[in-house]
Amino acid sequence: MKTRGTKWMMLGLVLGLVFVAQASTFSDDFETYYDPGLNTGKGDSHLNPAAWWASGNANYGSETNNGDGVNDYLHLACGGGSYQTARFGSIEDGLGFNNANGQRYVVDVLNYATTGGKIRVGVIDKDSTSYYGSNNAFIFELTNNYFTLKYKDKDYGDSDSGHGLWWGNYSGKITRIELILTDTTYQANIEGLGGTWNVGGASSGNHGMSNPLDKGKMILALRNWSPASSPFNADFDNVLSEPVPEPATIGLIGLGVLGFIRRR
């Protein structure tokens, strides 16, 4: 009888491992020091060069602060000139959402100042290094008191600026963004200090993209169009992209564990 229980457990574990093997999961809490690290406009940033790329201009830089240890985070900054950028993205390109169950994206936003510019957090196609250069993308844009959730699709007109889905003002600071994207739907959440008002659109629904990403990568970026009164920056932590488990898979794993417990 114990053998049958073990078989149930093993079935659940095997199903779970098959799912994990096929999943595209990416995460970084920036706790590990890399020397030499990823080279940016400000020299070595001590970021993992096997996981991230960086680009930008006008004194852009990125680095992990606080040294090697707990509470490290990514600091992304850009100078105060016109049309300046600082981009930081994943090398992993299997983070798209062209599936029925969806992909979940989470980023903690620790602090930011966006005078004259915007912060962009989201997913772009695998062959691009920016939101504007991407044929397909899904992006959260943040300023000091405004947020917008939007997407762009190469089959739509006006694809450069994208299409808004959810937007509004907020009185404090957004501290976390979360997106769950499937091939037809989106579900978004923001957490922070303060409240929202003048909110338009919807935080969930059908996104309307005709070419959802099957290959994509995460991006964290700053973009400044006109001269800023001061440099702008943002701090990020606990970046995560993970597939949403299939309900059937969860149920079968649960049955396997339950069968094992009951037999014991």
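Figured I'd write up the structure that's included with this text. Quick caveat, the model's predicted, so the values are computed rather than measured. (Residues numbered from 1 in each chain as written. Predicted model: local features only at pLDDT ≥ 70, side-chain atom pairs only at ≥ 80, totals over all residues. Heavy atoms only, no water.)

Quick look at the sheet that holds strand β4 (residues 52–56)
The strands that make up a sheet are held in pairs by hydrogen bonds between backbone atoms, and each pair lies either parallel or antiparallel.
Phase 1: Across the sheet, eight strands lie side by side as β4-β7-β17-β9-β10-β11-β12-β15; this open sheet has antiparallel pairing. For this open sheet the edge positions go to β4 and β15 (196–201), each flanked by a neighbour on one side alone. Across this sheet, the average inter-strand angle for adjacent strands is 15 degrees, counted without regard to direction.
Phase 2: Across six bridges, the pairing between strand β7 (residues 84–90) and strand β17 (residues 216–224) is antiparallel. Within β17, the residue paired with F88 across the bridge is L220. (Pairing = 2+ DSSP bridges. Helix = DSSP H or I, 4+ residues; strand = E, 2+ residues; numbered from the N terminus. Axes fitted to C-alpha atoms, helices over the stretch in contact; angles between N-to-C directions.)

Focus: the packing of aromatic side chains
How two aromatic rings sit relative to each other is given by the distance of their centres and the angle of their planes.
Phase 1: For the structure shown, the criterion picks out twelve aromatic pairs.
Phase 2: Between F138 and Y186 the ring centres are 6.2 Å apart and the planes differ by 45 degrees, which places this aromatic pair in the tilted class. Here the residue F138 occupies a position in strand β10 (residues 137–142), and Y186 occupies one in strand β14 (residues 185–193), the gap between them amounting to 48 residues.
Phase 3: Note on F140 and F147: the rings are 6.2 Å apart at their centroids and 50 degrees apart in plane angle, and the pair reads as tilted.
Phase 4: With relative accessibility at 0%, the residue F147 sits in the buried group.
Phase 5: Taken together, the ring pairs in this structure connect F26, F30, W52 and F88 into an aromatic cluster.
Phase 6: Sitting over the ring of Y131, K152 keeps its end group 5.1 Å from the ring centre.
Phase 7: For the cation-ring pair, K173 lies above Y112, with the distance from its terminal atom to the ring centre recorded as 4.1 Å. (Phe/Tyr/Trp six-rings, centres within 6.5 Å; stacked < 30°, edge-to-face > 60°. Buried < 20%, exposed > 50% of the residue type's maximum accessible area, 1.4 Å probe, protein only. Lys NZ or Arg CZ within 6 Å of the ring centre and 35° of its normal.)

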